[in-house]
Structure formats: C-alpha cells, structure tokens
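Listed below, chain by chain, are the residues.
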Amino acid sequence: MSTEAAEEVTLSKAELTVADTRPDTGADPEPGRAPQPADTSRKARGSRAARRLGPRRRLGLGRPVPYGWALGPLLLLAVWAAGSATGLIDARNLSAPWTVVTTTGDLIENGRLQSNLATSAQRAALGLLFGVLAGLILALVSGLSRIAEGVIDGPVQIKRAIPSLALIPLLILWFGIGESMKVITIALGVFVPVYIHTHNGLRTIDNRYVELAETVRLSRTAFLRHVVLPGALPGFLLGMRFAVTGAWLALVVVEQVNATSGIGYMMELARTYGQTDVIIVGLVVYGLLGLLSDALVRLVERRTLSWRRTLAG
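Nothing here was measured: the structure is a model prediction, and the numbers come from that model.

Let's shift gears to the nonpolar core. One finds Leu 113, Ile 186, Val 190, Val 194, Met 240, Leu 251 and Ile 263 to be the most contacted residues of the largest nonpolar core, which totals 31 residues. With residues near it in sequence (within four places) discarded, Val 194 still touches Val 132, Gly 135, Leu 136, Phe 236, Gly 239, Met 240 and Ala 243. Counting eight residues, the second largest nonpolar core, distinct from the first, contains Ala 139, Ile 152, Phe 191 and Ile 196.

All told, the structure shown has eight salt bridges when counted by the stated rule. Here Arg 123 makes a salt bridge to Glu 179, at a shortest N to O gap of 2.8 Å. Taken together, the residues Arg 123 in helix H5 (residues 112–143) and Glu 179 in helix H8 (residues 179–203) connect sequence positions 56 residues apart. We classify Arg 123 as buried; its relative accessible area is 2%. Of the charged contacts in the structure, one is a salt bridge between Glu 255 and Arg 123, with a shortest N-O distance of 3.0 Å. Pair noted here: Glu 255 is in the loop between helix H10 (220–254) and helix H11 (263–272) and Arg 123 is in helix H5, with a separation of 132 residues, a long-range link. Note on accessibility: Glu 255 and Arg 123 belong to one class, buried. Salt bridges linked by common partners bring Arg 123, Glu 179 and Glu 255 together as one network.

Residues other than glycine seldom take positive phi values, yet Arg 217 does so here, at roughly 60 degrees. With respect to the secondary-structure elements, Arg 217 resides in the loop between helix H9 (207–215) and H10. Classification of Arg 217 by relative accessible area gives exposed; the value is 74%.

On to the environment of Asn 200. Tracing the backbone shows Asn 200 in helix H8. Using a relative accessible area of 46% as the deciding quantity, one classes Asn 200 as partly exposed.

Applying the stated rule across the entire model yields one aromatic pair. Here the aromatic rings of Trp 174 and Phe 175 are separated by 6.4 Å at their centres, their planes lie at 80 degrees, and the arrangement is edge-to-face. For Trp 174, a relative accessible area of 58% translates into the label exposed.

Further remarks concern H11. Here H11 has its buried residues at Ile 263, Gly 264, Met 266, Met 267 and Ala 270. Angularly, the buried residues of H11 cover 160 degrees about the axis, an arc narrow enough to put them on a single face. Gly 274 sits one or two residues past H11 and shows a positive phi near 70 degrees.

Axis separation between H5 and H10 bottoms out at 10 Å; the angle between their running directions is 145 degrees. As for the relative orientation of H5 and H10, their crossing is right-handed in sense. Each of Ser 120, Arg 123, Ala 124, Leu 128, Val 132, Leu 136 and Leu 140 in H5 lies in contact with H10, whose residues at this interface are Val 228, Leu 229, Phe 236, Met 240, Ala 243, Val 244, Ala 247, Trp 248 and Leu 251. Grouping the amino acids of the contact of H5 with H10 by side-chain chemistry returns 14 nonpolar, one polar and one charged.

Structurally, the position occupied by Ser 142 is in helix H5. Polar contacts involving the side chain of Ser 142 include one to the side chain of Tyr 195, which spans 3.1 Å. At 3.5 Å, the side chain of Ser 142 forms a polar contact with the side chain of His 199. When sequence neighbours within four positions are dropped, the list of residues in contact with Ser 142 reads Ala 148, Glu 149, Ile 152, Asp 153, Tyr 195, His 199 and Arg 203.

What follows covers a nonpolar patch on the surface. A grouping of Leu 126, Leu 129, Phe 130, Leu 133, Ile 137 and Val 141 is seen on the molecular surface, where their side chains present a nonpolar patch of about 520 Å² in accessible area. As for its placement among the helices and strands, Leu 129 is situated in helix H5.

We now examine the confidence of the model for the chain. For any part of a model where pLDDT is low, the fine detail of the predicted coordinates should not be relied upon. Residues with a pLDDT of 70 or more make up 78% of the chain, whose mean pLDDT is 80. By mean pLDDT, helix H1 (residues 3–21) is the weakest element of the chain at 45, and H5 is the strongest at 92.

Right, let's get into the environment of Leu 133. Mapped onto the fold, Leu 133 is located in helix H5. Residue Leu 133 is classed as partly exposed on the basis of its relative accessible area of 43%.

Bringing the side chain of Ser 293 into the picture now. With respect to the helices, strands and loops of the structure, Ser 293 is situated in helix H12 (residues 276–304). Under the relative-accessibility criterion, Ser 293 is labelled buried at 14%. In terms of polar contacts, Ser 293 uses its side chain to reach the side chain of Trp 248, at 3.3 Å. Contacts of Ser 293, omitting those with residues within four sequence positions, involve Val 244 and Trp 248.

Parameters at a glance
- Residues numbered from 1 in each chain as written.
- Predicted model: local features only at pLDDT ≥ 70, side-chain atom pairs only at ≥ 80, totals over all residues.
- Heavy atoms only, no water.
- Core = buried A, V, L, I, M, F, W, Y, C linked by side-chain atoms within 4.5 Å.
- Buried < 20%, exposed > 50% of the residue type's maximum accessible area, 1.4 Å probe, protein only.
- Contact = heavy atoms within 4.5 Å.
- Salt bridge = Lys/Arg side-chain N within 4 Å of Asp/Glu carboxyl O.
- Helix = DSSP H or I, 4+ residues; strand = E, 2+ residues; numbered from the N terminus.
- Phe/Tyr/Trp six-rings, centres within 6.5 Å; stacked < 30°, edge-to-face > 60°.
- Arc of directions from axis to C-beta.
- Axes fitted to C-alpha atoms, helices over the stretch in contact; angles between N-to-C directions.
- Left-handed = near helix turned anticlockwise from the far one by under 90°.
- Nonpolar A, V, L, I, M, F, W, Y, C, P; charged D, E, K, R; others polar.
- Polar contact = N/O pair within 3.5 Å; in protein donor to acceptor, adjacent residues only side chain to side chain.
- Patch = residues over 30% accessible without salt bridge, like charges linked within 9 Å, V, L, I, M, F, W, Y side chains within 5 Å.
- Areas by Shrake-Rupley, 256 points an atom, 1.4 Å probe, with all protein chains shown as cover.
- pLDDT = per-residue confidence, 0-100.

Here it is in structure tokens:
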C-alpha cells in the first residue's frame, strides 16, 4: 500500500473513532466526560488538504517597491559609467558621467543652465496649459453630444495622424519664428492625447449611472459634477501622462528652430562647437524633467483615484 493510501486509511480510522466517541445530540453527555466537538473530522480533513496544497500564494503584484521608479535610471547610469570606465564607450561619442557632472557644475556656475532652463520651462508650461484646456473642452463637448462628436472627432483624428512636428513649416509661415509658433507647436502635441483619453473615459461611463441620475432627476449641472467629471477623470489623468511627455518632446524640436534661448538652443550651439558633454547635459535635463513631471501626474492620480481597487494597489 502506498504512503498516501495509508494516510487516507489512518484518517478514516480517526474519523470513525471520533464518531464513536461523539455523544448523542438527543441525550445528555455522560457524567465526567466533556462533549466532543462536532467538527473534529472536518478540521482534520481541512488541515490535511492545506498540507497537500502547500502555502497560500499571492497572485497580485505584491507590495510596492520603495523608489522603484528609480531602479531603471540607476541601472542605465551604472551601465553608462561601467562602459566609460572600461573604455567600451568612446568619450568623443559619449562623455563619461563624471565629465557631464563637471560640465553641469560649470554651466550652473556661469548661469547658463538656469537661464535656459527657465525659458524652456516657461514654453513647456504655456503649451501644456493651452493644449490641456483645448483637449479637455473639446472632449467634454464631443463626448456629451452626438452632433458635436461628428463635427469635432473627425478633424482631431486627422490631426492625430499628422505629427505636430510636420506642421512646423506651416506654423512658421503663419506665426513666424517667435514664441507664438513654439507654444502653439507644443499645444498641438499636447491636446490630442488629452482629448483621446478623456473622450474615451466619457464614453465608457457605466450607463446605469446615467439611468440613476435620470431616476433621481439630477439637473444638468449636477449630472456633470457627480457623474461625468468623476467618470472622465481616470482617462483625463492618463492623457495627462502622455501630454507632459509630448510637451517635452515638442520642446526639444522647437527650441532648435531659430531659437536664441532654451535648453534646445544650448544643445544646438554645443553641436556647432562639438561639445558632446553639453549636449549630454541637455539630454539629461530633458529626461529628468520628463521623469519628474510624469511622477507628479502619477502622484496626483494615486491620490485622486484612491477609491479604486486595482492590481497596482
């Protein structure tokens, strides 16, 4: 007889023993004997099944890793430093991290980095502001009206298929090479993702909430406040994550088109003089700005949508 079969026989005998010693429910138990628990055999079978199944496994993602967002950039920095130290990366093509740190200190000391960074941040903020407002308003109008959707959604989808950078020659003809052209280019790269995801969030609101609002006779204003805006908020915040990234991507290009200030202008000037370290400083600044802005939106998303129970916790 196998071990598993022997264990089953032993378990059966234990159940019979418990059954024989269990008092009749219709009569009082014998004097001096404590009543036997009725679920002893059930507990024995449960503990046996638990031993067979092993420890309970969690299928979720587990607890968040502290500062997990920094693991990827730190790993990339470690590979970069190791390649530079061993000579696998030519310093003429890609400056070493310590060289970039030294150059950053020099740029901060003479004030070039702060001045150009302030100009770039102002352009990105204005383009982000106008783009988000345009995308949000168009999404609300289109998402709440079939007629408006027919008028608005088609042109937005056409714009979505045309890269914003491809419109730069036309925008230069219309607005010149000043700040207006740069801000409008950034806004065009921002409003499409905000519109797309906010519109999708509106159209995926559960129709039962709309029926409930009609049942309790909510006004149009109350309906927008209590149903539409909360329902569209997850899509809007997702669109914002794409929008902040799109703002910095558009900024990189527009600042290299006849600009006289900004991080992109500083990089273009460094390319003219072959200053690889200054170019890397500009790229690192753009990367950090994108990473921090995305982290800020994710923090707002986590705080605002804390009522949702998702896989990410």
